[in-house]
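# Coordinates in review
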Amino acid sequence: MLEDVRIWFFRKKAWIDTLIYVFYSIVLLLIVVEIDADFLGIKSNIPRVFMMDVELARHVLGVLAGALLAIAIFTFSTITAVLVMYSNSFSSRVIENFVKNGITMKVLGVFIGGFFYCITALAFMDPSLVNEQVFAGTAGVIYSMVCLLYFIVFVQKVVYSVQDVNVVSDIYDMTMPMIAEELEGREHTPEYLVDDGDFSREIRSKNIGYLGSIDYAGLRSALKGRKGLFRITCRIGDFLVDGGLIGYLSVKDKDVNGDTIARVQESFLLQESKIQIRDYRYGLTKLTEIAARALSPGDVDPNTAIHCIRKMSALLGHLGSTDMSHISKVPKDSCKVLYESWPFEEEVYEAFNQIVVYGIGDPSVVRAILNGLRGMKERATPKNSAFIEEYATEVYRLALKELENTFDREHITRAYRSIVPSCDIAGKGL
């Protein structure tokens, strides 16, 4: 249930950020109306400098309403232009990073809320009270100053967000905590558990979509009091079809009824598109797509690709520090739940495959890949180190077929030998 709510808030974050500031403007309007009608009995205590006569207040609010609406339209146009730039220069999947950034939709909500406040305050103001003093105009001026501050922050954020280095760094910063959480779960998982129940039953999906999250609290409730193992074979971010395999349930209690199976199925939350809440691989995918786009024939930008490779290598280096690729999520005194994550070999291949295809003919990109693999090897386990050497050898072999310049071949050979120093290149047929 909590995972459902969390995903809902994440998907509706843009709406929520906008509407919450409109709500704040409604609260401000109610307070100002209460003050001007003197329902609270504090109007006489407000300094005269903060009060305006009705005619001046109406004029100020009318001017502010037009100005705030114009700036709101301009802000929306700016957001649209940035989204188009993101889609053309980076990837359509990176758009959500800008839209769901804290200030992006908040600033739109601030201006829309300000327009709503000014128009509604005018409607509540009686023009016949020519001798009355009201606080609504001053509140509108103060609100406009707040809008100005938000707009300045928004402009700074746009300038920051259109720089490719900052886009890549933001994706890295979002992905690193997820990888740290993943590694923590792996480190606290005992050796791989085998099925210890009397029978094994396949659990299959009853919906279609991307696996966005797993409600482990719901699984604990559904499997409460049972002994055995539930082995989850699908992974966060996988696309499941109707009837797709989720995992295997092996329990000693043979009285597993349809209601239990249904509750287990409902614990797997499927979405129409991938979301980066639990899916650290989605962050790696974004970096891969940015690098591949930067290396495409229509937009050659190897330096952006190299920066992506460095950030990806840093992330993958953490994953290579353990041989574990499964996580135990439920205490030992109940049915064990084992989540099988991606092995390191698949992580590296999926991350670099497209980059190798597009960048194998660029010596600077090849060197960046080899240097990234070297950095990953420095903290990798012996098993993962062996794979890194194997993968580096394959990249090096492909690069030698593409590069004819002697200096290019010498540089990538030096980078390759930093990973596999004892390799007999001639003996390997390279």
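Above this note sits the structure.
Residues numbered from 1 in each chain as written. Predicted model: local features only at pLDDT ≥ 70, side-chain atom pairs only at ≥ 80, totals over all residues. Heavy atoms only, no water.

## Some words on the overall build of the protein
- Helices and strands together make up the secondary structure of the protein, namely 15 helices and 10 strands.
- What you see for the protein is a C-alpha radius of gyration of 29 Å, clearly larger than the 22 Å of a compact globule of 430 residues, by over 25%.
- When the backbone C-alpha atoms are referred to their principal axes, the protein occupies close to 100 × 70 × 35 Å.
- Residues classed as buried in the protein amount to 49% of the 430 residues present.
- Within the protein, residue pairs in contact and separated by at least 24 positions form 81% of the contacts whose partners lie at least 6 positions apart.
- For the protein, the accessible surface area stands at approximately 21,000 Å², while carbon and sulfur atoms represent 58% of it. (Helix = DSSP H or I, 4+ residues; strand = E, 2+ residues; numbered from the N terminus. Rg over C-alpha atoms; globule rule 2.2 N^0.38 Å. Buried < 20%, exposed > 50% of the residue type's maximum accessible area, 1.4 Å probe, protein only. Contact = heavy atoms within 4.5 Å. Areas by Shrake-Rupley, 256 points an atom, 1.4 Å probe, with all protein chains shown as cover.)

## With respect to helix α14 (residues 382-402)
- An ideal rise of 1.5 Å per residue puts 30 Å on 21 residues; α14 measures up with 31 Å between its terminal C-alpha atoms.
- Asn384, Ser385, Phe387, Ile388, Tyr391, Ala392, Thr393, Val395, Tyr396, Ala399 and Leu400 are the residues of α14 that are buried. (Expected span 1.5 Å × (residues − 1).)

## Overview of a nonpolar patch on the surface
- Together, Ile20, Phe23, Tyr24, Val27 and Ile31 give the surface a local cluster of nonpolar side chains, amounting to about 440 Å² of exposed area.
- Turning to its location among the elements, tyrosine 24 is positioned in helix α2 (residues 13-36). (Patch = residues over 30% accessible without salt bridge, like charges linked within 9 Å, V, L, I, M, F, W, Y side chains within 5 Å. Salt bridge = Lys/Arg side-chain N within 4 Å of Asp/Glu carboxyl O.)

## Details of the pattern of salt bridges
- For the coordinates displayed, the defined rule picks out 11 salt bridges.
- Arginine 278 is the partner of glutamate 181 in a salt bridge, and the nearest nitrogen-oxygen pair spans 3.2 Å. Separated by 97 residues along the polypeptide, glutamate 181 in helix α7 (residues 164-187) and arginine 278 in the loop between β8 (268-271) and α10 (280-295) bring together distant segments of the chain.
- Given a relative accessible area of 45%, glutamate 181 falls into the partly exposed group.
- One salt bridge connects glutamate 346 with arginine 235, and the closest N-O pair in it is separated by 3.6 Å. Remark: arginine 235 occurs in the loop between β5 (228-232) and β6 (239-240) and glutamate 346 occurs in helix α12 (residues 344-359); sequence separation between them is 111 residues.

## Focus: helix α11 (residues 302-319)
- Its 18 residues give α11 an end-to-end C-alpha distance of 25 Å, which sits within 8% of 26 Å, the value for a rise of 1.5 Å per residue.
- By the burial criterion, the buried members of α11 are Thr304, Ala305, Ile306, Cys308, Ile309, Met312, Ser313, Leu315, Leu316, Gly317, His318 and Leu319.
- On its buried face, α11 is in contact with α7, α10, α12, α13 (363-378) and α14.

## What to know about the pairing of strand β7 (residues 245-251)
- By the criterion of burial, β7 is predominantly enclosed, with five of the seven residues buried.
- Here five bridges tie β5 to β7, and the two strands are oriented antiparallel to one another. The partner of glycine 228 across the bridge, within β7, is valine 251. (Pairing = 2+ DSSP bridges.)

## A word on the packing of α2 against helix α6 (residues 136-161)
- Where α2 contacts α6, the two axes come as close as 10 Å, and the packing angle between them is 160°. Taken together, the axes of α2 and α6 lie roughly antiparallel to each other. The way α2 lies across α6 gives a crossing that is right-handed. From α2, Tyr21, Ser25, Leu28, Val32 and Asp36 reach across to α6, where they touch Ala136, Ala139, Tyr143 and Tyr150.
- Grouping the constituent residues of the contact of α2 with α6 by class yields seven nonpolar, one polar and one charged. (Axes fitted to C-alpha atoms, helices over the stretch in contact; angles between N-to-C directions. Parallel < 35°, antiparallel > 145°, perpendicular 65-115°, else oblique. Left-handed = near helix turned anticlockwise from the far one by under 90°. Nonpolar A, V, L, I, M, F, W, Y, C, P; charged D, E, K, R; others polar.)

## Focus on the sheet that holds strand β4 (residues 209-214)
- Judged by pairing direction, the sheet is antiparallel, and its three strands sit side by side in the order β6-β4-β8 without closing on themselves. Each edge of the open sheet is held by one strand with a lone partner, namely β6 and β8.
- Judged from the four bridges that link them, β4 and β8 form a sheet pairing that is antiparallel. Bridging across to β8, isoleucine 214 finds its partner in phenylalanine 268.

## A few points about the packing of aromatic side chains
- Under the criterion given, the structure shown has 14 aromatic pairs.
- Here tyrosine 86 and phenylalanine 90 contribute two aromatic rings whose centre-to-centre distance is 5.3 Å and whose plane-to-plane angle is 80°, an arrangement assigned as edge-to-face. In terms of burial, tyrosine 86 and phenylalanine 90 fall into one category: buried.
- Aromatic side chains tyrosine 210 and phenylalanine 239 sit 5.0 Å apart centroid to centroid with 65° between the ring planes, which places their arrangement in the edge-to-face category. Of the two residues, tyrosine 210 sits in strand β4 while phenylalanine 239 sits in strand β6, which places them 29 residues apart along the sequence.
- The class for tyrosine 210 is partly exposed, based on a relative accessible area of 26%.
- One aromatic cluster is present, built from ring pairs that chain together Tyr21, Phe23, Tyr24 and Tyr150.
- When the ring centre of tryptophan 342 is taken as origin, the NZ or CZ atom of arginine 235, which lies over that ring, is 4.3 Å away.
- The ring of tyrosine 172 is capped by lysine 311, whose NZ or CZ atom sits 4.5 Å from the centre of that ring. (Phe/Tyr/Trp six-rings, centres within 6.5 Å; stacked < 30°, edge-to-face > 60°. Lys NZ or Arg CZ within 6 Å of the ring centre and 35° of its normal.)

## Focus: the environment of cysteine 335
- Mapped onto the elements, cysteine 335 comes out in the loop between β9 (326-328) and β10 (336-340).
- Note on cysteine 335: relative accessible area 2%, which makes it buried.
- Once the C-alpha coordinates of cysteine 335 and valine 158 are considered, the two residues, 177 residues apart in sequence, prove to be 49 Å apart.

By themselves these figures say nothing about function.
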